[in-house]
Amino acid sequence: MAFLELKGLTKRFGEIAAVENFDLSVERGEFVSLLGPSGCGKTTTLQMIAGFETPSAGSITLEGRDLLAIKARSRGIGIVFQSYALFPHMTVAQNVEFGLEMRKIAAPERRQRVAEALALVHLEALADRYPRAMSGGQRQRVALARALVIRPEILLLDEPLSNLDAKLREEMQLELRGIQQRMGVTTILVTHDQTEAMALSDRVAVMHRGRLVQVARPLEAYEHPRSDFVSSFLGKTNRLEGKVVERAGERAGDLCRVAVGETVFAAPAPPPEIGKDARPRVIVSVRPEKVEFRAAGAGLVDGTVAARIFLGDHWLYQIETPLGVLLVTRQNVGPAEVETGGSVGLAWDAAQVRLLPFEETA
Amino acid sequence: MAPAAAVDREARRRAWWLCAPALALFLALMVVPLVMTFVLSFHSFGFYTGIEPTFGLHNYLDVLGDSYFHEIFARTFGIALVTTLLCAAIGTPEAYILYRMRSRWRSALLLVVIGPLLISVVVRTLGWAILMGNRGVINTALMNLELIDRPIKMMYTPGGIVIALVHVMVPFMVIAVWAALHRQDPATEQAAESLGAGPLTIFFRVVLPQAMPGVLSGSLIVFSLSASAFATPAILGGRRVKVVSTTVYDEFLNTLNWPLGAAIAILLLVAVLLVMVSYNRVVERRFSQVFG
Ligand SMILES: Nc1ncnc2c1ncn2[C@@H]1O[C@H](COP(=O)(O)OP(=O)(O)OP(=O)(O)O)[C@@H](O)[C@H]1O
Ligand SMILES: [Mg+2]
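Residues numbered from 1 in each chain as written. Chains lettered and ligands numbered in written order. Predicted model: local features only at pLDDT ≥ 70, side-chain atom pairs only at ≥ 80, totals over all residues. Heavy atoms only, no water.

Looking now at the packing of aromatic side chains. Residues and elements named next belong to chain B. Enumeration over the complete set of coordinates arrives at 15 aromatic pairs over all chains. Judged by centre distance (5.6 Å) and plane angle (45 degrees), the ring pair of Phe42 and Tyr60 falls under tilted. In this pair, Phe42 is assigned in the loop between helix H1 (2–40) and strand S1 (44–46) and Tyr60 in helix H2 (residues 58–65), connecting sequence segments 18 residues apart. Residue Phe42 is classed as buried on the basis of its relative accessible area of 12%. For Tyr60, a relative accessible area of 11% gives the class buried. When the centroid spacing of 5.0 Å and the interplanar angle of 45 degrees are considered together, the rings of Phe230 and Tyr249 count as tilted. With Phe230 in the loop between helix H9 (199–227) and helix H10 (231–237) and Tyr249 in helix H11 (residues 244–255), the pair connects residues that are 19 residues apart, well separated along the chain. Given a relative accessible area of 33%, Phe230 falls into the partly exposed group. Three or more aromatic residues link up through ring pairs in this structure, and these residues are Phe38, Phe42, Phe55 and Tyr60. Directly above the aromatic system of Tyr156 lies the positively charged group of Arg240, at a separation of 4.3 Å from the ring centroid. (Phe/Tyr/Trp six-rings, centres within 6.5 Å; stacked < 30°, edge-to-face > 60°. Helix = DSSP H or I, 4+ residues; strand = E, 2+ residues; numbered from the N terminus. Buried < 20%, exposed > 50% of the residue type's maximum accessible area, 1.4 Å probe, protein only. Lys NZ or Arg CZ within 6 Å of the ring centre and 35° of its normal.)

Here it is as structure tokens:
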């Protein structure tokens, strides 16, 4: 039995279903991210776990106990809100102490635990400040300390880093992960930032239009997306519409051949999701970093370099080919390999191609 | 640099022109009568000679030295203070309940709250007179129910004035608190709840402190309006429970001692201003570091 179990969780607002038939189990101490585009129901899911929204159907259990029978105030869940929701009329220390007061913990122990929590987020020096006089990153830390000081069963984070600038966000990601691992607190993070989800979590749960589409470890989800949506949402990819023209044997590792327009190349055997059709339409996905440059005519397809964009640690090329514009990324480890306007051949390892069930649009 | 400055000056000039009509109205209707009243308060009045354009402080000395006027001022501010406290006690929870309501009910109930402001003060106060008279609705009902033998005296008492004033002033408090509630982050209530706070704790420890600036500014409005209210104390207090504004009215229209009336009016103005300014000072010092 998993630590936290969501089963068939559904929330309807009138006609529209914000969350539909959502199943997820989270192990104790695990860090899971709910990832999806805006409006896909991430916050609604979190609010149901926290107890601020009542599900229309489904169940939530914590160690086998029915969480829905417990009021929000008694669930013992720590939450960090997107707006931080600090109490503006209380100092940092008073903010952090609030949850301990509600638990009727004696003053000396309260003081000690507040000090510990503030030390954890490196804010000992600012204990007597008011939130108004703090930066976004500092407020973020106060919110985290306030949620952690009650030693919550579960920590819920709703886009906690989205108000921070890029550099600070990266720092906070590392720190957040460190604190989470040290405390061993089961954590669910909501985000629409795929890099953040992959950097922080043990598993990512990708949501689309209120439904859970794939739950997997970050590497697994990135390398083996099960749908066109997951493949396009996690990182960049070259998405091509094609057709399986030659199905090889059914054993794993067998190669098949796919055609995209006039170009035919090898790919791993179609996964079961694609169905049993002899020549099914598929979405072919090749990640930009998996594409290699060859001399013109020596690759699978030829193209001309339409643009070359310098991004610091890597180059991003846009190559015009008969298949459409393909993206290629290259580590910046030497001089650029090809020039704008030049013609190149592109090739990729058959094992790096992903075939996904055909959908009209991602 | 130069063109930018020119544009800036041009914009500023236009702003002044746009303000001009309002400014003219303000000068004509507010400042001129006030200055004339101020000048009038230094003149003297004789029963046979009428108003004489002398220039002295005797009117002020008369008021400040007379225990009769002391009592009137004390009563006025007492009524205003009690009215303010009651309005804060009633209006704050009322605003919070409205704020928490579903939007469909909220607009209907907001209208009910603002309702008293839509009826003329005189009509509304006469309504209270009908309710509170010795043979009014309340006393008749209580006597018919044999809960009391003798009518409770409500007309011509400060208590009656306070009740009617609270009725008029509560909307101002509700609106001020309502605005403050809308400035706060609704997630703070959820945060408190997730930390284990019950509804009452959330209200007193999280909502109310954040709404306090609204309660305080509402109090300021209610206090100054109550201290200078005329119609309500005139109808419900009559000659027996005089307040400053009805006293001024009597000096002007019954005694015809305009200079004395003007002096009392100016003293009321100064007293209210003093209360407002010092109150503001205290409030600002208390809240500047928290809300700013
Ligand atoms: N109280 C509500 N009443 C009606 N519809 C709602 C309500 N709350 C959310 N919704 C709808 O439910 C859907 C999911 O909303 P939710 O806030 O969970 O999205 P989200 O994934 O958190 O998006 P974002 O990344 O923009 O925060 C949206 O279409 C939204 O319009
Ligand atoms: Mg959201």
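What follows is about the UniProt feature "domain: ABC transporter" (unreviewed entry) in chain A. Within this numbering scheme, the UniProt entry marks residues 4–234 of chain A as carrying the feature "domain: ABC transporter" (unreviewed entry). For the annotated span residues 4–234 of chain A, helix accounts for 36% and strand for 26% of the residues, and the straight-line distance between the end C-alpha atoms is 25 Å. (UniProt positions renumbered as here; feature names shortened; annotations may be inferred.)

Turning to the side chain of A:Ser285, a few remarks are in order. Residues and elements named next belong to chain A. Within the fold, Ser285 resides in strand S14 (residues 281–286). For Ser285, a relative accessible area of 3% puts it in the buried group. Here the side chain of Ser285 touches Ser231 through a polar contact of 3.2 Å, side chain to side chain. Only 2.7 Å separates the side chain of Ser285 from the side chain of Thr237, close enough to count as a polar contact. In contact with Ser285, not counting residues within four places along its chain, are Ser231, Thr237, Asn238, Gln352, Val353, Arg354 and Leu356. (Polar contact = N/O pair within 3.5 Å; in protein donor to acceptor, adjacent residues only side chain to side chain. Contact = heavy atoms within 4.5 Å.)

All names here are of chain A. Around ligand 1 lies a shell formed by Phe13, Ile16, Ala18, Ser38, Gly39, Cys40, Gly41, Lys42, Thr43, Thr44 and Glu159. Here an oxygen atom of ligand 1 and a backbone polar atom of Gly39 are 2.7 Å apart. Interatomic distance of 2.8 Å between a side-chain N/O atom of Lys42 and an oxygen atom of ligand 1. About the coverage of ligand 1: the protein hides 59% of its 630 Å² of free accessible area. (Near = heavy atom within 4 Å. Areas by Shrake-Rupley, 256 points an atom, 1.4 Å probe, with all protein chains shown as cover.)

Let us now look at unusual backbone geometry. For A:Arg209, which is not glycine, the phi dihedral falls at a positive 50 degrees. With respect to the secondary-structure elements, A:Arg209 resides in the loop between strand S9 (203–208) and strand S10 (211–216). Located in the positive-phi region is B:Leu256, a residue other than glycine, with phi close to 65 degrees. By the element assignment, B:Leu256 lies in the loop between H11 and helix H12 (258–287).

Residues and elements named next belong to chain A. Considering the arrangement of structural elements, one finds Glu175 in helix H5 (residues 166–183). Under the relative-accessibility criterion, Glu175 is labelled buried at 19%. Here Arg141 takes part through its side chain, which lies 2.8 Å from a polar atom of the side chain of Glu175. Residues contacting Glu175, with those up to four places away along its chain left out, are Val121, His122 and Arg141.

A:Leu4, A:Phe98, A:Leu144 and A:Leu156 are the most contacted members of the largest nonpolar core, which has 111 residues in total. Among the nonpolar cores identified, the runner-up in size contains 27 residues, and A:Phe293, A:Tyr317, A:Ile319 and A:Trp348 belong to it. (Core = buried A, V, L, I, M, F, W, Y, C linked by side-chain atoms within 4.5 Å.)

Turning our eyes to something else, we now look at the confidence of the model for chain B. Residue and element names in this part refer to chain B. When the pLDDT values of chain B are averaged, the result is 90; 98% of them are 70 or greater. Per-element mean pLDDT across chain B ranges from 84 in strand S2 (residues 50–52) up to 96 in helix H8 (residues 187–194). Both confidence scores are given for the complex: pTM 0.85, ipTM 0.85. (pLDDT = per-residue confidence, 0-100.)

Each partner contributes to the interface: chain A provides 23 residues, whereas chain B provides 23 residues. Summing both partners gives a buried area of about 2100 Å² for chain A against chain B, and 61% of it is carried by carbon and sulfur. Among the residues of chain A in contact with chain B, A:Arg73, A:His89 and A:Arg132 are the three that bury the most area, contributing 28% of the side total. The partner of B:Arg205 in a salt bridge is A:Glu101, with the nearest N and O atoms 2.8 Å apart. Summed over the shared surface of chain A and chain B, the result is 5 residue pairs in polar contact (both at pLDDT 80 or more). Mapped by element, the contributors of at least two residues to the side of chain A that touches chain B are strand S6 (77–80) and helix H2 (92–102) of chain A. Broken down by element, the side of chain A that touches chain B gets its largest block of residues, 4 residues, from H2(A). (Buried area = accessible area lost by both parts, 1.4 Å probe. Salt bridge = Lys/Arg side-chain N within 4 Å of Asp/Glu carboxyl O.)

What the rule picks out here adds up to 26 salt bridges over all chains. With its nearest N and O atoms 3.6 Å apart, the salt bridge here joins A:Arg239 to A:Glu241. Judged by relative accessible area, which is 29%, A:Arg239 ranks as partly exposed. In this structure A:Glu241 comes out as partly exposed when scored by relative accessible area, which is 39%. The closest approach of N and O atoms between B:Arg14 and B:Glu10, which form a salt bridge, is 3.9 Å. Taken together, the residues B:Arg14 and B:Glu10, both in helix H1 and 4 residues apart, mark about one turn of the helix. Connected through salt bridges with shared partners, the residues A:Arg28, A:Glu63, A:Arg65 and A:Glu153 form a single ionic network.

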